[in-house]
Each structure stands twice: as structure tokens, then as C-alpha cells.
Amino acid sequence: MESYRTEEEQVEALKRWWKENGRSTMIGVVLALGLGFGWQAWQKNQEIAAQNASNLYQQMLQALSAEEGQSGTMGRQIATELKDTHRGTVYAQFAALHLARLAVNEGQPQLAEQELRWALAMADAGDDVHQVAQLRLARVLAAQDKEEEALSLLQGASTDFVASYALARGDILLAQGREADALVAYESAAAALEEGAPVPQTLQDKLEYLGARVDIAAVEAS
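With that settled, consider the packing of aromatic side chains. According to the stated counting rule, one finds two aromatic pairs in the structure shown. Measuring from centroid to centroid gives 5.6 Å for Y57 and Y91, while their planes differ by 45°, and the two rings are tilted. On the criterion of sequence distance, the pair formed by Y57 in helix α1 (residues 2–66) and Y91 in helix α3 (residues 90–105) is long-range, its members being 34 residues apart. With 5.7 Å between their ring centres and 45° between their planes, Y57 and F94 make a pair best called tilted. Separated by 37 residues along the polypeptide, Y57 in helix α1 and F94 in helix α3 bring together distant segments of the chain. Ring-pair connections join several aromatic residues into one group, and the members of that group are Y57, Y91 and F94.

Further remarks concern helix α8 (residues 179–191). Taking 1.5 Å of rise per residue, 13 residues should cover 18 Å, and α8 covers 18 Å from first to last C-alpha, within 8% of that figure. Within α8 the residues assigned to the buried category are A182, L183, A185, Y186 and A189. An end-on view of α8 places all buried positions within 165° of arc, on one side of the element.

This next bit is on the side chain of E113. Residue position: E113 is located in helix α4 (residues 109–122). Beyond its immediate chain neighbours, meaning those up to four positions away, E113 contacts L137, V140, L141, Q144 and K146.

This paragraph deals with the pattern of salt bridges. A complete count under the given rule lists 10 salt bridges for this structure. Salt-bridge contacts for R178 lead to E148; the nearest nitrogen and oxygen are separated by 3.8 Å. Linking R178 in the loop between α7 (162–175) and α8 with E148 in helix α6 (residues 147–153), this pair joins segments that are 30 residues apart in sequence. By relative accessible area, R178 is classed as partly exposed at 33%. A salt bridge links R178 to D181; its shortest N-O distance comes to 3.3 Å.

Before going further, it helps to spend a moment on the environment of Q77. Mapped onto the secondary structure, Q77 falls in helix α2 (residues 74–85). Linking Q77 and M60, residues 17 residues apart in sequence, is a C-alpha distance of 8.4 Å.

With 12 residues, α2 ought to run about 16 Å at 1.5 Å a step, and its terminal C-alpha atoms sit 16 Å apart, in line with that. All of the buried residues along α2 are G75, I78, A79, L82 and K83. End-on, the buried residues of α2 take up no more than an arc of 140°, which puts them together on one face.

Take the nonpolar core next. Grouped together as the largest cluster of nonpolar side chains are 37 residues, with contacts concentrated most on L97, L116, A133, A150, L154, I172 and Y186. At the level of secondary structure, the elements contributing two or more residues to this core comprise α3, α4, α5 (128–143), α6, α7, α8 and α9 (201–221). By residue number, the principal contributor to this core is α5, which donates nine residues. Not counting residues within four places of it along the chain, the set of residues in contact with A150 comprises A138, L141, A142 and I172. A53, L56, L64 and L99 belong to the second largest nonpolar core, which has 12 residues in total.

The next point concerns the confidence of the model for the chain. The predicted model of the chain has a mean per-residue pLDDT of 82, with 73% of residues at 70 or higher. α1 is the least confidently modelled element of the chain, averaging 65 in pLDDT, while α4 averages 96, the highest of any element. Within the model, the stretch residues 1–5 combines pLDDT values under 50 with zero contacts to residues more than four positions away or in other chains.

Moving on to the packing of α3 against α4. The geometry of α3 relative to α4 is characterised by a closest axis approach of 8 Å and an angle of 165° between their N-to-C directions. It follows from the interaxial angle that α3 and α4 lie roughly antiparallel. Here the hand of the crossing between α3 and α4 comes out left-handed. Counted together, A92, Q93, A96, L97, L99, A100, A103 and V104 of α3 and L111, A112, E115, L116, W118, A119 and M122 of α4 form the full contact between these two elements. Partitioning the contact of α3 with α4 into residue classes produces 13 nonpolar, one polar and one charged.

Cut-offs applied
Residues numbered from 1 in each chain as written. Predicted model: local features only at pLDDT ≥ 70, side-chain atom pairs only at ≥ 80, totals over all residues. Heavy atoms only, no water. Phe/Tyr/Trp six-rings, centres within 6.5 Å; stacked < 30°, edge-to-face > 60°. Helix = DSSP H or I, 4+ residues; strand = E, 2+ residues; numbered from the N terminus. Expected span 1.5 Å × (residues − 1). Buried < 20%, exposed > 50% of the residue type's maximum accessible area, 1.4 Å probe, protein only. Arc of directions from axis to C-beta. Contact = heavy atoms within 4.5 Å. Salt bridge = Lys/Arg side-chain N within 4 Å of Asp/Glu carboxyl O. Core = buried A, V, L, I, M, F, W, Y, C linked by side-chain atoms within 4.5 Å. pLDDT = per-residue confidence, 0-100. Axes fitted to C-alpha atoms, helices over the stretch in contact; angles between N-to-C directions. Parallel < 35°, antiparallel > 145°, perpendicular 65-115°, else oblique. Left-handed = near helix turned anticlockwise from the far one by under 90°. Nonpolar A, V, L, I, M, F, W, Y, C, P; charged D, E, K, R; others polar.

As C-alpha cells, this is what we get:
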């Protein structure tokens, strides 16, 4: 009987606890389960969206490759769809870079600028896509006689892009007739190459040409 009474007391205690705390406990459990299932559903949706974006990007590449040198529009349409429906993904940023390349090839620098600025706005500052878009935008701006704005974009570069940025600065400065400054930029580009990497022939030619030009100018000035 003692054990029975003890069990009865435990049941009564449990009933009292449930009456006092059961509602809040149940709400907490429901919320916890809801958050858990919600998080899983969100993760699943993100995975599906990323896969859809990846598939669309592959379709875009195939269409652009098939239309290379032609006036086809399928690749452009897919790239635009990718930007519209998956704007938060890196695939959309890649699509904008491809559209900018097409615009440059077709002599539409303003359209290329628009696509590159979109990619810059979407990319995280300092990441590879941001660096590439900024480099290409600088060249597009220079082609539109916006050299100073272009040069300002080329002031900072991460380690992997130092040589490319310096080379672009040199090209813009050379186009402006600033040969001494261009030579300094080209020398910086050569110095930024990986240790042991050969200097590209085009860069070597520019270094030799400008080196001779600057030496002649120095002799004439003296």
C-alpha cells in the first residue's frame, strides 16, 4: 500500500505540474519542432535552388558555345533568366560577366558597363567575381574615354589579381601617353607574377619598348 500511495502521489504531482507548466512546455516543444522542420525545409529549398541555378548555368554555357560567332539569342535569354530568377547566386554573377563579354564583342561598351556594375553590386566585395568584374569594368570605362575613373578602380587588388590590375593600369596609362607611368605599372605587373613564372611575351615586349622610350626621353631631357 505504501508503494501504491507513493505512485498515487507521483501521479498527482505530475498532474499538478502539468496543470501549471504543461501549456508552456507544449508550446515550447511545438516551436522547437517547427523550427527544426522549418530549418530542414529551408535547407532543402536552398539546395534545390542552387541545383536549378547550376543546371541553368550549364544550359547557358552550352547555348553560348553553340552560338559562338552567330547572332543567336538563346544564350542571352538563359543568362537573363538566370539573373532574374537566381539573382542571389554566384551563377547569376557569372551570367552577367558573360553578357558583358558579349556586349564588348559586339561593340556595346555601355551595355557591358551595365552588366559589370550589376555583377559588382551582387558580388561580395573582395571576392574573385568582384575582382574580375572590377578589372573588366575598368577596361570598359577606359574604352569609353573614362580613364581616370578606370584607374581609380584599379587601385586595390587582392594577391591573385595584382599582376592583372597592374597590367590594366599600364595599358590605360600608355593609351594616355604617360609612358613613364605605364612602364612603372608594367614593371609592377612583372614583379607580381608568381615566383619562377615566365613573363608573358606581350608584357615583355611592352617593357622593352617603353624601357627604350623612357631612356631616350631621359637623355633628351638632360
